[in-house]
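Summary of the model geometry
Below are the chains, spelled out letter by letter.
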Amino acid sequence: MDTVIMDDLDRGLVHALQIDGRAPMRTLGQVLGVSENTVARRYRRLRDAGLLRVTGAVSGGEAGYTTWTLRLRTTPDAGAAVADALADRTDVSWVHLLSGGTEISCTVHAPDTAGRDDLLLRKLPRANRVTAVSAHELLHTFALPDGWCGLHCLSPEQVERLRPPPPEGTGLAPEPGDRALLDALARDGRAGYTALAAATGWSDSTVRRRMEVLRRHGTLTYHLDVSPARLGFRSETRLWLAVAPANLAEAGEALAGHPETSFAVATTGTTNLTAMVNCRDGGDLYRYLTERVAGLPGVRTLESAPVIRTVKRAGTPLRRPAARP
């Protein structure tokens, strides 16, 4: 997979969309100092190259969901199929095929205990090609992918011009009628109101009002779905750390401050700090683990597994690249 060559404008656009994936092209152009047409053309080029897309998703915490991170092991012939099946579920995101293709990590957002128990206690244990499952409830978030500072390049003033207002009030759980809207936004978070109206059967104005309500309550969030490998970070690695409880908060905050870290959470389980890090190559990863992670306070054990294939991020499942002739 080739790395996309990006100039300063491209990098600025990527950072801008990370801040507000739904920002109008006119606003993006004003902040970046170019015309609306120029920024729209750059966005289409990056999107069509498979570098990025914007997706809409439900914020589990604001909607009252519980979030779990899962680690599965499968038989050698089943890893890809199990990962694809998990990615097809609307309550599962961030599906990664790891190591030699026999290990999977993913995130489950459970709106209720029935949905959680159906997956964790019945479906996965009965899958004869799944050999082991460990589930860790997310207790505290230190870093999320949409805040990955490896993408940052805009000035503080530009960031403030783009930053959306904070959510108002308490979280609002989606209603059953929102499903078509959320499904459409999971495919394209920048879809126009006319396209969303066609997908939902609502009017343009109804779509706009409902999106504004869900976003105002923090329920609907927009994510910049980027490919670290296409940006030159070819070593994407999942980490599981066991940290002394007295040092967990300090270690988590320190890990989240590393530019390599795109995801870091405290969880239940024998490993209580889970992370995703992005490095340029294996040598860079080695230096990072031995010089930076090794210095975190209270770390007792560390496990790492390279990402072989990302099956799904925050939006709909990713298409596999076409085979070369």
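Each chain has its residues counted from 1, following the order in which its sequence is written. Owing to the predicted nature of the model, reporting of local features is limited to residues with pLDDT of at least 70; listing and counting of side-chain atom pairs is limited to 80 or more, with chain, interface and lining totals taken over all residues. Note: side-chain values were computed over all heavy atoms of the structure, leaving out hydrogens and water.

1. Quick look at the overall build of the chain
Helix and strand assignments follow DSSP, with helices taken as H or I runs no shorter than four residues and strands as E runs no shorter than two, numbered in order from the N terminus. Within the chain one finds 11 helices and 10 strands. Per-residue accessibility, obtained with a 1.4 Å probe over protein chains only, is compared with the maximum for each type, and a residue is labelled buried under 20%, exposed over 50%, and partly exposed between these values. Residues counted as buried form 47% of the 325 residues belonging to the chain. Taking all contacts inside the chain whose residues are at least 6 apart in sequence as the whole, residues at least 24 apart take part in 78%. The charge count treats Lys and Arg as positive and Asp and Glu as negative. His and the chain ends do not count. Think of each charge as sitting on NZ of Lys, CZ of Arg, CG of Asp or CD of Glu. Considering the chain, the positive charge centre built from 40 side chains and the negative charge centre built from 36 side chains are found 4 Å apart. Residues count as neighbours in contact if any of their non-hydrogen atoms are within 4.5 Å of one another.

2. Describing the sheet that holds strand S7 (residues 235–243)
The strand order around the closed barrel formed by 8 strands is S2-S4-S3-S10-S7-S9-S8-S5, and the pairing between neighbours is antiparallel. Geometrically, the sheet is characterised by an average inter-axis angle of 35 degrees between neighbouring strands, direction not taken into account. Working convention: axes come from line fits to C-alpha atoms, limited for helices to the stretch in contact. Angles between N-to-C directions cover 0 to 180 degrees. With respect to the sheet, helix H10 (residues 248–256) is in contact with strand S5 (130–143), S7, strand S8 (261–267) and strand S9 (273–279), its orientation differing from that of S5 by roughly 85 degrees. If DSSP finds at least two bridges between two strands, the strands pair.

3. Focus on the packing of aromatic side chains
The pairing test for Phe, Tyr and Trp rings, Trp by its six-membered ring, is centres within 6.5 Å, and the orientation test on the planes gives stacked under 30 degrees, edge-to-face over 60, and tilted for anything in between. In total, this model carries 1 aromatic pair according to the counting rule given. Arranged with centres 5.2 Å apart and planes meeting at 70 degrees, the rings of Trp 148 and Phe 233 form a pair that is edge-to-face. One end of the pair, Trp 148, is in the loop between S5 and helix H6 (156–162); the other, Phe 233, is in the loop between strand S6 (220–226) and S7, and 85 residues separate them in sequence. Exposure remark for Trp 148: the relative accessible area of 2% places this residue in the buried category. Overall, Phe 233 belongs to the buried group, its relative accessible area being 14%. Just above the ring of Trp 240 sits the side chain of Arg 71; from NZ or CZ to the centre is 3.6 Å. For a lysine, the NZ atom is tested; for an arginine, the CZ atom; a charge sits over a ring if that atom is within 6 Å of the ring centre and within 35 degrees of the ring normal. Note that Arg 190 overlies the ring of Tyr 43, its terminal NZ or CZ placed 5.6 Å from the centroid.

4. Overview of the pattern of salt bridges
Salt bridges are counted wherever a side-chain nitrogen of Lys or Arg sits within 4 Å of a carboxyl oxygen of Asp or Glu. Tallying each qualifying case throughout the model produces 19 salt bridges. The closest approach of N and O atoms between Glu 303 and Arg 71, which form a salt bridge, is 2.9 Å. Taken as a pair, Glu 303 in strand S10 (residues 299–312) and Arg 71 in strand S2 (residues 66–74) lie far apart in primary sequence, 232 residues in all. For Glu 303, a relative accessible area of 34% gives the class partly exposed. Owing to a relative accessible area of 10%, Arg 71 belongs among the buried residues under this scheme.

5. Examining empty space enclosed by the protein
Within this scheme a cavity is a closed region of a 1 Å grid, computed over the protein atoms alone, that accommodates a 1.4 Å probe without allowing it to escape, whereas a pocket is open but has protein on both sides within 12 Å along at least five of seven lines; lining residues each have an atom within 4 Å of a point. Grid points are joined across faces, edges and corners, and a volume is the space filled by probe spheres set on the points. Per the counting criterion, the structure on display carries 1 cavity of 30 Å³ or more. One number sums up the size of the largest cavity: a volume of about 170 Å³. In terms of lining residues, the largest cavity is bounded by 15 residues, among which Trp 94, Pro 145, Glu 236, Ser 262 and Met 276 are the most central. Mapped onto the lining of the largest cavity, the elements with two or more residues apiece are strand S3 (92–98), S6, S7, S8 and S9.

6. What about the environment of Asn 247?
Here Asn 247 lies in the loop between S7 and H10. Along the backbone, Asn 247 and Gly 282 are 35 residues apart, and their C-alpha atoms lie at a distance of 28 Å. The residues touching Asn 247, leaving out its near neighbours within four places in the chain, are Pro 297 and Gly 298.

7. Considering helix H1 (residues 8–19)
A helix is expected to span 1.5 Å multiplied by its residue count minus one. Taking 1.5 Å of rise per residue, the 12 residues of H1 would be expected to cover 16 Å, and the 17 Å separating its terminal C-alpha atoms lies within 8% of that figure. Here H1 lies mainly inside the structure; 10 of its 12 residues are buried. Along H1, the residues classified as buried are Leu 9, Asp 10, Gly 12, Leu 13, Val 14, His 15, Ala 16, Leu 17, Gln 18 and Ile 19. In this structure Asp 7 caps H1, since a side-chain oxygen of it lies 3.1 Å from the backbone nitrogen of Leu 9. Any pair of N or O atoms that falls within 3.5 Å is considered a polar contact. Within protein, one atom must be able to donate a hydrogen and the other to accept it, and sequence-neighbouring residues count only if both atoms are side-chain atoms.

8. Points about unusual backbone geometry
In this structure, Trp 94 takes a positive phi of about 50 degrees despite not being glycine. Within the fold, Trp 94 resides in strand S3. With a relative accessible area of 22%, Trp 94 lands in the partly exposed category.

9. Details of the confidence of the model for the chain
Summary of the metric used: pLDDT quantifies the predictor's per-residue confidence within the range 0 to 100. For the chain, mean pLDDT is 90; residues scoring 70 or higher make up 92% of the total. Scored below 50 in pLDDT, residues 321–325 makes 1 contact in the model with residues more than four places away or belonging to other chains.

10. Quick notes on the side chain of Thr 267
Take Thr 267: it is sitting in strand S8. Exposure remark for Thr 267: the relative accessible area of 3% places this residue in the buried category. Here the side chain of Thr 267 touches Thr 271 through a polar contact of 3.3 Å, landing on its backbone oxygen.

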